[in-house]
Amino acid sequence: MIFIKRNAKGEVIAASREPIGCDNSESGGWDVANGDEPEVVAFCGLLTESANPLSPSDLGLVRVLEDLIDLLIDRAVIRFTDLPPAAQAKLMERRGTREAMHRFGSLDGTDDVL
């Protein structure tokens, strides 16, 4: 069970496993919520991002690593089959998605394909 507090605008401003600062007979302004509610998920995502200062660069680094792996394979430093099966599957999935995006054009109107 998750307890949340909202501000005057109805936005989630706090989440806890129990109502903080309250005894068992009162809720103290805490509401019971499901962990899968979009507002709760978004609030927890904000906490995760602020707790990890590397989060903003993680997606960009994924692309760098993909390009690095492709370069190493192209130069025969490693073989695709040297990678673990799970890594091969992820790379193939992303390659397929990138090829499809390239065929249908970029989503943001530029020629850049992620």
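Because the structure is a prediction, the values reported are computed rather than measured. (Residues numbered from 1 in each chain as written. Predicted model: local features only at pLDDT ≥ 70, side-chain atom pairs only at ≥ 80, totals over all residues. Heavy atoms only, no water.)

A. Spotlight on the overall build of the protein chain. Along the backbone of the protein chain there are three helices and three strands. Moving toward the C terminus, one meets the helices and strands of the protein chain in the order β-β-β-α-α-α. A burial count over the protein chain gives 15% of its 114 residues as buried. By sequence separation, contacts in the protein chain at least 24 residues apart represent 39% of the contacts at least 6 residues apart. Of the accessible surface of the protein chain, which amounts to about 8,900 Å², a share of 59% is contributed by carbon and sulfur atoms. (Helix = DSSP H or I, 4+ residues; strand = E, 2+ residues; numbered from the N terminus. Buried < 20%, exposed > 50% of the residue type's maximum accessible area, 1.4 Å probe, protein only. Contact = heavy atoms within 4.5 Å. Areas by Shrake-Rupley, 256 points an atom, 1.4 Å probe, with all protein chains shown as cover.)

B. Spatial organisation of a nonpolar patch on the surface. Together, Leu61, Val64, Leu65, Leu68 and Leu71 give the surface a local cluster of nonpolar side chains, amounting to about 420 Å² of exposed area. Here Leu61 lies in helix H2 (residues 55-74). Classification of Leu61 as partly exposed rests on a relative accessible area of 46%. (Patch = residues over 30% accessible without salt bridge, like charges linked within 9 Å, V, L, I, M, F, W, Y side chains within 5 Å. Salt bridge = Lys/Arg side-chain N within 4 Å of Asp/Glu carboxyl O.)

C. Examining the sheet that holds strand E2 (residues 12-16) more closely. Read across the open sheet, the three strands follow the order E2-E1-E3; overall the sheet is antiparallel. Both edges of this open sheet fall to E2 and strand E3 (31-33), since each of them pairs with a single strand only. For this sheet the average axis-to-axis angle between neighbouring strands, irrespective of direction, equals 40°. As paired elements, strand E1 (residues 2-6) and E2 share four bridges and run antiparallel to each other. (Pairing = 2+ DSSP bridges. Axes fitted to C-alpha atoms, helices over the stretch in contact; angles between N-to-C directions.)

D. The pattern of salt bridges, seen in detail. Summed over all chains, the structure comprises seven salt bridges. Shared partners join several salt bridges into a network, and the residues in it are Arg63, Glu66, Asp67, Arg94 and Arg98.

E. Fine view of unusual backbone geometry. Backbone geometry at Ala76 places phi at a positive 60°, although glycine is not the residue there. Tracing the backbone shows Ala76 in the loop between H2 and helix H3 (85-104). Ala76 sits in the exposed class, given a relative accessible area of 64%.

F. Region of interest: the side chain of Glu66. Note on placement: Glu66 falls in helix H2. What Glu66 contacts, discounting residues up to four positions off in sequence, is Leu91, Arg94 and Arg98.

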